[in-house]
Amino acid sequence: MLNPRTATRVILAAAMAFVILMFLATVSAHGAMCPDSLKRYERTDFIKQAQWSSTRKMLLSARQRSTGGWTDAYTGKVIRGADSVDVDHVVALAYAFRIGACQWSTAQKRMFANDSVNLLLTRDSINTSKSDKSVSGWLPPRNACAFVRRWLSVTRKYGLAPTQQDSVVLRNCKLVK
């Protein structure tokens, strides 16, 4: 049995730990994990050109249809001509940077950039319209909740915390409560 003074200290320590955890959750939910000194996004921190070229070639080769062309992951339409195909990061690199990847090592950033779970083939114009938006700013023209499910799996895999705006979309797709 704890004496009252020790019990009070234990309760206060637990309460303080809870407050700290709630603060950290709030900070990450607002996308404010990166100190100002780390907020400059550099694509080259994520992508080494030779490695990216290899990743792109591998994806184009592995996902080419037997009849030629590639299926656009966001529209379902066939894309003819490799020049019209872009490799999209489901969780955009710049977005990931803003919500926590700014604190990663270069090796972690490159692993994220080349992770096939985070890569889909799409028409270049679709990829341009998506840009560095999250699910709260852009959804594909078809199978939006399947895209959101994949987006969520990538953020969870890499320990990235979706913003409150993203959480609304996750709830709409019934992926979180």
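Positions within a chain are numbered from 1, following the residues in the order the chain's sequence is written. pLDDT decides what is reported in this predicted model: residues at 70 or higher carry local features, side-chain atom pairs at 80 or more are listed and counted, and totals for whole chains, interfaces and linings draw on all residues regardless. Remark: hydrogens and water are excluded; side-chain values derive from all non-hydrogen atoms of the structure.

A.B. asks: Just to check I follow, could you spell out the pairing of strand E4 (residues 119-123) for this structure?
C.D. replies: Within a regular strand, the side chains alternate between the two sheet faces. Burial classification: accessible surface area is computed with a 1.4 Å probe over protein chains only, and a residue below 20% of its type maximum counts as buried, one above 50% as exposed, and the rest as partly exposed. In DSSP terms, a helix is any run of H or I states spanning at least four residues, a strand is any run of E spanning at least two, and both are numbered starting from the N terminus. With 4 of 5 residues buried, E4 lies mostly within the body of the structure. By definition, two strands form a pair when at least two bridges between them are found by DSSP. With 5 bridges connecting them, strand E3 (residues 85-89) and E4 associate as antiparallel partners. Bridge assignment links Val85 to a residue of E4, and that residue is Arg123.

A.B. asks: So what exactly am I meant to see when it comes to the packing of helix H7 (residues 144-157) against helix H8 (residues 164-172) here?
C.D. replies: The axes of two packed helices give the description: the angle between them and the distance between them. Put simply, H7 and H8 touch, their axes get as near as 10 Å, and they point 130° apart. In terms of orientation, H7 and H8 fall into the oblique class. Between H7 and H8 lies a crossing whose hand is left-handed. Within the contact between the two elements, H7 uses Val148, Trp151 and Leu152 and H8 uses Asp166, Val169 and Leu170. In terms of residue class, the contact of H7 with H8 is built from 5 nonpolar, no polar and 1 charged. Axes, fitted as lines to C-alpha atoms, cover a helix only where it is in contact. Angles between the N-to-C directions of the axes lie from 0 to 180 degrees. An angle below 35 degrees is read as roughly parallel, one above 145 as roughly antiparallel, one from 65 to 115 as roughly perpendicular, and any other as oblique. Crossings are sorted by hand: turned counterclockwise from the far helix by less than a right angle, the near helix makes the crossing left-handed, and turned clockwise it makes it right-handed. It only takes one pair of heavy atoms within 4.5 Å for two residues to be counted as in contact. For this classification, the nonpolar set comprises Ala, Val, Leu, Ile, Met, Phe, Trp, Tyr, Cys and Pro, the charged set comprises Asp, Glu, Lys and Arg, and every other residue, Gly included, is treated as polar.

A.B. asks: Help me understand the pattern of salt bridges, please; the structure alone is not making it clear to me.
C.D. replies: Salt bridges are counted wherever a side-chain nitrogen of Lys or Arg sits within 4 Å of a carboxyl oxygen of Asp or Glu. Enumeration according to the criterion identifies 4 salt bridges in this entry. In this structure, Arg98 and Asp132 form a salt bridge, with 2.9 Å as the shortest nitrogen-oxygen distance. Here Asp132 lies in the loop between helix H6 (124-130) and H7 and Arg98 lies in helix H4 (residues 93-98), a separation of 34 residues in the sequence. When its relative accessible area of 39% is taken as the criterion, Arg98 is described as partly exposed. A salt bridge links Lys157 to Asp115; the nearest nitrogen and oxygen atoms lie 2.6 Å apart. Here the residue Lys157 occupies a position in helix H7, and Asp115 occupies one in the loop between helix H5 (106-113) and E4, the gap between them amounting to 42 residues.

A.B. asks: What is the right way to read the side chain of Thr155 from this model?
C.D. replies: Secondary-structure assignment places Thr155 in helix H7. Throughout this description, a polar contact denotes any pair of N or O atoms lying within 3.5 Å of each other; where both atoms belong to protein, one of them has to be capable of donating a hydrogen while the other can accept it, and for residues adjacent in sequence the pair is counted only when both atoms sit in side chains. Only 2.8 Å separates the side chain of Thr155 from the backbone oxygen of Leu152, close enough to count as a polar contact. Sequence-distant contacts of Thr155, defined by excluding residues within four places in its chain, comprise Val91, Leu160 and Pro162.

A.B. asks: How should H5 be read in this particular structure?
C.D. replies: Side chains of residues three or four places apart in an α-helix project in the same direction, reflecting 3.6 residues per turn. Among the residues making up H5, those that are buried are Lys109, Phe112 and Ala113. Around the axis of H5, the buried residues are gathered within 95° of arc, so they sit on the same side. H5 presents Ala107 and Met111 as exposed residues on the side facing more than 90 degrees away from its buried surface. In this structure, the buried residues of H5 make contact with helix H2 (43-46), helix H3 (49-62), E3, H4, E4 and H7. Think of it as the arc spanned by the lines of direction from the helix axis to the C-beta atoms.

Distances and angles like these do not, on their own, reveal function.
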